[in-house]
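# Structural description and commentary
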Amino acid sequence: MSTVIDNVVAPISTPLADARSQLAEAIGLLGFSEGTHQMLATPRRELTVAVPLRRDSGETVLFTGYRVQHNFSRGPAKGGLRYAPNVDIDEVRALAMWMTWKCALLDVPYGGAKGGIAIDPREHSTAELERVTRRYTSEILPIIGPERDIPAPDIGTDEQTMAWIMDTYSVNSGFTVPGIVTGKPIALGGSQGRASATSRGVTHIALAALRHAGITQSQATAAVQGFGKVGADAARFLTEAGVTVQAVSDQYGAVFNAAGLDIEALSAHVRETGAVVGFAGAEALDGAALLELEVDLLVPAAVEGVLHEGNAARVQAKVIVEGANGPTTPAADRIMRERGILVVPDILANAGGVIVSYFEWVQANQAYWWRVDEVEARLEERMLSSWQHVLGYATSRGLSLRTAATALAVERVAEAHKLRGLYP
C-alpha cells in the first residue's frame with residue numbers, strides 16, 4: 001500500500017512495519033544471522049479471544065481481544081493492556097516487540113508483551129467495563145501469571161482495570177495474587193509512585209537531553225502532545241523544573257500560551273470539561289500545528305505515528321522526547337536526524353512505567369513496600385544511568401539514539417537466547 005505525501009508516493013507506515021524496520025537495522029549493525037533475526041522478529045505466543053459483553057440494556061455484543069507475548073528469554077513477559085477502538089493484532093505485535101527492547105535496555109528482567117481489546121471505553125458504563133475486563137481475563141487466564149506474563153495499564157485502562165484483573169485471577173487461583181498485575185491501587189498492593197512513573201521518567205530524560213543539547217532548562221520552551229496518563233504529569237513536572245510549557249493538546253484540540261500555560265489550572269479545566277479546548281488561560285491551536293511549533297522541546301505523548309514523512313520537515317523543536325510508543329516513523333527519523341534534531345526514542349524515554357512496574361512486582365513478591373522517595377530515587381538513577389549508556393554508545397559509534405538504544409537492547413536479548421540455547 002502507498003499514499004501520496006507532498007506529491008511523493010511513499011509506503012504507509014504502520015507500528016509493526018516501523019518496529020520491524022528498527023529491528024532489521026539493529027540486526028544489520030550487530031551482524032547477527034538471519035535465523036536470529038527471524039527469532040527476534042516473531043512473537044513467541046499470540047492469543048486472540050472473543051470477548052462477549054452483556055450490556056446494561058440486556059443486549060449482548062461481541063468484542064475481540066488480544067494478548068501477544070513477544071519474548072521470554074530474560075524473564076516473564078510484561079506489558080500493558082489497551083482499550084481502544086482501533087486495536088488490532090499487528091498493533092499489539094509491535095507494542096509487544098517494543099516492550100521487549102525497553103525491558104532489555106533498562107536491564108529489567110522481563111520480556112515484552114502487550115494486550116488489547118478493540119473497544120471504545122468512553123461508550124461503556126463502569127459496570128460494562130468491569131464485565132469486559134473480567135471476561136477478557138478469564139479468556140487469557142491460561143497464559144498469564146506473576147511468573148508468566150504480568151499486565152499493566154495502558155491507553156483506556158487504569159488502576160481499577162488492574163484491580164478487576166487481579167481479583168479475577170485470584171478468585172480462579174483460590175488465593176490473592178498481587179503480583180499478577182502492576183499499576184494496581186495502593187490499597188491492593190500497588191507501588192507508591194507508579195501512577196506518575198512514566199511521566200517522571202520522561203521528565204528526567206527530557207531535562208538530560210536539554211542539558212546535552214546545551215539548552216538551559218529554566219529558559220527552555222516545550223510543547224506536549226497528549227494530556228492523558230503521560231502527557232499531563234509530564235507537563236506538570238516540566239513546569240516544576242522551570243521549563244515553560246507553551247502548548248498542550250488532546251484528541252479534541254490544543255491550547256497555546258507563549259508565556260507558559262498554568263498546568264494546574266488547565267488540569268482542573270480538563271477534570272471539569274473532559275478536554276483542553278476552551279481553557280480560558282490560552283488561545284486555541286490546531287492539534288496538528290502543535291507538532292510544528294518553534295519550541296526547544298517536543299514531547300509526543302499520545303499515540304503512534306504522529307511524526308511522519310509528511311510533517312517531519314516542518315518540525316521546529318530542537319529536542320524530541322518520545323512519551324508515547326512509536327510516535328515517530330522511520331522516514332521521519334531520517335529526516336529529523338538530517339536536520340540535526342535530537343530524538344530520544346520511546347524505549348528509553350518512556351521506560352519509567354515499566355521500571356516502577358518492576359519495583360511493584362518485586363514488592364508484591366516480597367510483601368514489603370517501599371516509601372515513595374525510595375521509589376522515585378531508584379527510578380531516577382535507573383533512567384539517567386540508561387541515558388548515559390545509550391548516549392555513550394551512540395556517540396562512540398556515530399549512531400542516532402534510537403539505533404543505539406535498539407542495538408543495545410537487541411544485543412542483550414540475543415545474548416540471553418544464546419546462553420540459554422535452543423531446546424530441544
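Residues numbered from 1 in each chain as written. Predicted model: local features only at pLDDT ≥ 70, side-chain atom pairs only at ≥ 80, totals over all residues. Heavy atoms only, no water.

Strand order across the open sheet formed by five strands is β3-β4-β6-β5-β7, with mixed pairing between neighbours. Here the strands that pair on one side only, and so sit at the sheet edges, are β3 (45-54) and β7 (149-153). Strand after strand, the sheet turns through a mean of 20° between neighbouring axes, direction not considered. Pairing of strand β5 (residues 77-84) with strand β6 (residues 111-118), which is carried by six bridges, proceeds in the parallel orientation. Pairing of alanine 84 across the sheet is with alanine 118, part of β6. Sheet strands in contact with helix α4 (residues 126-140) are β3, β4 (60-69), β5 and β6, and its direction is about 145° off that of β3. (Pairing = 2+ DSSP bridges. Helix = DSSP H or I, 4+ residues; strand = E, 2+ residues; numbered from the N terminus. Axes fitted to C-alpha atoms, helices over the stretch in contact; angles between N-to-C directions. Contact = heavy atoms within 4.5 Å.)

Helix packing geometry: the angle between the two helix axes and the distance between the axes. Where helix α1 (residues 15-30) meets helix α3 (residues 89-105), the closest approach of the two axes is 7 Å, and the angle between their N-to-C directions is 35°. In the crossing of α1 with α3, the sense of the turn from one axis to the other is left-handed. Across the interface between the two elements, Pro15, Leu16, Asp18, Ala19, Arg20, Gln22 and Leu23 from α1 touch Asp90, Arg93, Ala94, Met97, Trp98 and Trp101 from α3. Residue composition of the contact of α1 with α3, grouped by class: eight nonpolar, one polar and four charged. (Left-handed = near helix turned anticlockwise from the far one by under 90°. Nonpolar A, V, L, I, M, F, W, Y, C, P; charged D, E, K, R; others polar.)

With that settled, consider the nonpolar core. If you look at the biggest cluster of nonpolar residues, it comprises 86 residues, and the most contacted ones within it are Trp101, Val248 and Val321. Once residues lying within four places of it in the same chain are set aside, the contact partners of valine 248 are Val224, Phe227, Ala235, Ala254, Val255, Leu261, Leu266, Val276 and Leu290. Ranked by size, the runner-up nonpolar core spans 23 residues in total, among them Leu53, Tyr136, Ile140 and Trp164. (Core = buried A, V, L, I, M, F, W, Y, C linked by side-chain atoms within 4.5 Å. Buried < 20%, exposed > 50% of the residue type's maximum accessible area, 1.4 Å probe, protein only.)

The subject of this paragraph is the sheet that holds strand β13 (residues 319-321). One open sheet holds the seven strands; their spatial order is β11-β10-β9-β8-β12-β13-β14, and the pairing between them is mixed. Since the sheet does not close on itself, it has two edges, and those belong to β11 (283-285) and β14 (342-344), each with one partner. Each strand axis lies, on average, 20° off the axis of its neighbour in the sheet, ignoring direction. With four bridges joining them, strand β9 (residues 244-250) and strand β10 (residues 253-256) adopt antiparallel strand pairing. Bridge pairing in β10 places aspartate 250 opposite glycine 253.

Going through the model one piece at a time under the given rule, you end up with 26 salt bridges. Here arginine 67 ties to aspartate 149 by a salt bridge, and the two come within 2.7 Å at their closest N and O atoms. One end of the pair, arginine 67, is in strand β4; the other, aspartate 149, is in strand β7, with 82 residues separating them in the sequence. The burial state of arginine 67 is the same as that of aspartate 149; both residues are buried. Salt-bridge contacts for glutamate 376 lead to arginine 200; the nearest nitrogen and oxygen are separated by 3.1 Å. Taken together, the positions of glutamate 376 in helix α13 (residues 372-397) and arginine 200 in helix α6 (residues 197-212) put the pair 176 residues apart, joining distant regions of the chain. (Salt bridge = Lys/Arg side-chain N within 4 Å of Asp/Glu carboxyl O.)

Between α4 and helix α5 (residues 159-173), whose axes approach to 9 Å, the crossing angle comes to 45°. By the angle between their directions, the pair α4 and α5 is classed as oblique. Both α4 and α5 take part in a crossing whose hand is right-handed. Only Thr161, Trp164, Ile165, Asp167, Thr168 and Tyr169 of α5 make contact with α4, whose side of the interface consists of Thr126, Leu129, Glu130, Thr133, Arg134, Thr137 and Ser138. Of the residues contributing to the contact of α4 with α5, the split by class is four nonpolar, six polar and three charged. (Parallel < 35°, antiparallel > 145°, perpendicular 65-115°, else oblique.)

Of all five residues that make up strand β8 (residues 221-225), five are buried, and the element is covered over most of its length. Chirality of the crossover, the property in question, places the unit of β8, helix α7 (residues 231-240) and β9 among those that are right-handed. (Right-handed = clockwise from strand over helix to strand, strands pointing away.)

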